Amino acid sequence: MNMQNRLLFLELNEVNFEMVDAYASQGALPNFRRLFDTHGYCQTSSETDYENLEPWIQWVTAHTGLTLAEHSVFRLGDIVHHDHEQIWEMLESRCGIRTGAVSPMNAQNRCADPAFFIPDPWTNTEVIATPCVKRLFEAIRQLVNENADAKLEVRSLIALVEGLFRFAQPSSYGRYLKFLRGSRQGPWRKALILDQLLADLFSHEVQRTRPGFASIFLNAAAHVQHHYFFNSTLYQGEQKNPDWYVDADTDPLVETYKAYDAIVGDIQKKFPEARLMIATGLHQVPYPKSTYYWRLKDHESFLRKAGVPFQSVEPRMSRDFLVHCEGKEQARTALRIIESLRTSENEALFEVDLRKTSVFVTLSYPSDIAPETLWAREQQPKGNLRSEVSFVAVKNGEHSGIGYFLDTANSKSTPQIPLELTVIPKAVLQAFEKNKITAPLPEAG
């Protein structure tokens, strides 16, 4: 397909455009500055209830044009249990456009003939890619889904090194080296390495397969905002991260936004004639108090110690995991036992959601865990809690229902009307009317 008829959709999960704008005004983000000054951006909105402000809900809305009440996909990975038409199939079936995707959150590959489809690490769907990319995907899945203390399997390490040698762009070499050197002092830089690799893979696959539409989902900024918001030089609140957690003079947010600024710049240089859309789904604001995140080191081992019946365990993002059972009765028993698990001070450890034959579990205990803290089942002590969990992070940011949308087909002089997130698929489809990318953005409603 001709470059002039190509649309690239960048999903920068939960990025706060007001903060990007502020950093850009300080001269830190030249590519975002140019985009904002030339094309402007508008706000998007979706759900109103806080418990429904989750990226795995909002991105389903952005991909399908359906609200949560309409698509009913509430958990990460659950898109596979529904048959909603997504933007990639819409373009394929209605416009004859060949599509590609890298790591779209909570999206299922239902395309008849995609150029490439590399799902997120949490959704069980078909991977359409070369053998090298499939090996890289499995390595990323293992890296993301294993517990915080796990070591990479040898084959995963080999696949990651192979992926870096195969897909890293020359313009990215310095960034990889910088992030790698600083990863011991700043663990967030590991997430930046992953997003940079996904971006380089995206550019490689778009150039190789030449799809008409391709999307990429990047998540490092969401991670960094959740865990380091208080360290931003733009933060004006009273909360402060412990010195052992992150140096007070370090600003991981501006570092992350700089990495994204470089990625955006690279994509525009490599595909200068392509139309670009950028969406965030949500954004984050500072969390008002200090909350700790923990993750089980070994989910199966812990459940066995607790006497929870199960068939298998599927780790999900951060604190979440899915307990598969043999039937409804076993699932109800598993739920009852997990609900009863508490600290020796009778504080609940988990939040649970019963499904037909499975239980979705979140390790929701919010406080610091002292070395001597015990855990108990039905008030009977079972063991040391600190030895069962890995520290993930201190919560710094929380979700806001406002997201952002930028389209390089728009001019900053055009009024930036707020949009419902449901409008995004319509905007993409209109871009390909009569095989042109000049259609105006539809109004909200």
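Provided above is the structure to which this section pertains.
Chains are numbered independently. Their residues run from 1 in the order of the written sequence. Owing to the predicted nature of the model, reporting of local features is limited to residues with pLDDT of at least 70; listing and counting of side-chain atom pairs is limited to 80 or more, with chain, interface and lining totals taken over all residues. Hydrogens and water are ignored here; the side-chain numbers use all heavy atoms of the structure.

A. Geometry of the packing of helix α2 (residues 30-39) against helix α11 (residues 252-270). Working convention: axes come from line fits to C-alpha atoms, limited for helices to the stretch in contact. Angles between N-to-C directions cover 0 to 180 degrees. In DSSP terms, a helix is any run of H or I states spanning at least four residues, a strand is any run of E spanning at least two, and both are numbered starting from the N terminus. Contact geometry for α2 and α11: axes closest at 7 Å, N-to-C directions at 65 degrees. With respect to each other, α2 and α11 are oriented roughly perpendicular. Along its contact with α2, which presents P30, N31, F32, R34 and L35, the element α11 presents Y257, Y260, D261, A262, V264, G265 and Q268. Gly is placed with the polar residues, together with every amino acid not listed as nonpolar (Ala, Val, Leu, Ile, Met, Phe, Trp, Tyr, Cys and Pro) or charged (Asp, Glu, Lys and Arg). Class assignment of the residues belonging to the contact of α2 with α11 gives a composition of seven nonpolar, three polar and two charged. Under this scheme an angle from 65 to 115 degrees is roughly perpendicular, one under 35 degrees roughly parallel, and one over 145 degrees roughly antiparallel; angles in between are oblique. Throughout, a contact is declared for two residues whenever any of their heavy atoms are within 4.5 Å.

B. Spotlight on helix α8 (residues 173-182). Think of it in three bands: with a 1.4 Å probe and only protein chains considered, a residue is buried below 20% of the maximum accessible area for its type, exposed above 50%, and partly exposed in between. Listing the buried residues of α8 in full gives R175, Y176, F179 and G182. The buried residues of α8 all sit within an arc of 145 degrees when viewed along its axis, so they share a single face. The exposed set on the far side of α8, more than 90 degrees from its buried face, consists of G174, L180 and R181. Looking at the buried positions of α8, the neighbouring elements they touch are α7 (154-167), α9 (188-209) and α11. Picture the helix axis, draw a direction to every C-beta atom, and the arc is the one those directions span.

C. Quick peek at the sheet that holds strand β14 (residues 380-384). The strand order across the open sheet formed by three strands is β10-β13-β14, and the pairing between neighbours is antiparallel. Lying at the two open borders of the sheet, with one neighbouring strand each, are β10 (341-343) and β14. Taken pair by pair, the neighbouring strands of this sheet meet at an average axis angle of 35 degrees, ignoring direction. Strand pairing follows a simple DSSP-based rule, namely that at least 2 bridges must link the two strands. As judged from the four bridges shared by strand β13 (residues 374-377) and β14, these two strands associate in the antiparallel manner. Residue pairing across strands places A376 opposite P381, the latter belonging to β14. Across the face of the sheet, helix α12 (residues 299-306) comes into contact with β10, β13 and β14 while running at roughly 55 degrees to β13.

D. Structural detail: the side chain of R275. Its place among the elements puts R275 in strand β6 (residues 275-279). Residue classification places R275 among the buried residues on the basis of a relative accessible area of 6%. A polar contact is formed between the side chain of R275 and the side chain of D407, at a distance of 2.6 Å. Counting of polar contacts relies on pairs of N or O atoms within 3.5 Å, with two restrictions inside protein: one atom must be capable of donating a hydrogen and the other of accepting it, and residues adjacent in sequence are counted only when both atoms are side-chain atoms.

E. Structural context of the packing of aromatic side chains. Side-chain rings of Phe, Tyr and Trp (the six-membered ring for Trp) are treated as a pair once their centres are within 6.5 Å; stacked means planes under 30 degrees apart, edge-to-face means over 60, and tilted covers the remaining angles. Within the structure shown, the criterion is met by 23 aromatic pairs. In this structure an aromatic cluster arises from ring pairing among W188, Y228, W244, Y245, Y292, W294 and F391. Two limits define a charge over a ring: the Lys NZ or Arg CZ must be within 6 Å of the ring centre, and within 35 degrees of the ring normal. When the ring centre of Y293 is taken as origin, the NZ or CZ atom of R319, which lies over that ring, is 4.1 Å away.

F. Up close: the sheet that holds strand β17 (residues 419-420). Read across the open sheet, the eight strands follow the order β4-β3-β5-β1-β6-β16-β2-β17; overall the sheet is mixed. Each edge of the open sheet carries a strand with a single partner, namely β4 (116-118) and β17. Lying over the sheet, α9 contacts β1 (7-12), β3 (99-102), β4 and β5 (213-218), oriented at roughly 175 degrees with respect to β5.

G. Structural context of α12. Among the residues making up α12, those that are buried are H299, F302, L303 and A306. The buried residues of α12 occupy an angular sector of 95 degrees when the element is viewed end-on, so they sit on one face. At the N-terminal end of α12, a side-chain oxygen is found 3.3 Å from the backbone nitrogen of E300, two or three residues along, and the residue is D298. At the exit of α12 stands G307, carrying a positive phi of roughly 80 degrees.

H. Just the pattern of salt bridges, in detail. The salt bridge definition used is simple: a Lys or Arg side-chain nitrogen within 4 Å of an Asp or Glu carboxyl oxygen. A full pass over the atoms with the stated rule returns 18 salt bridges. Between R75 and D353 there is a salt bridge, and its shortest N-O distance comes to 3.4 Å. On the criterion of sequence distance, the pair formed by R75 in the loop between α4 (68-71) and α5 (87-95) and D353 in strand β11 (residues 350-354) is long-range, its members being 278 residues apart. R75 gets classed as buried once you look at its relative accessible area, which sits at 17%.

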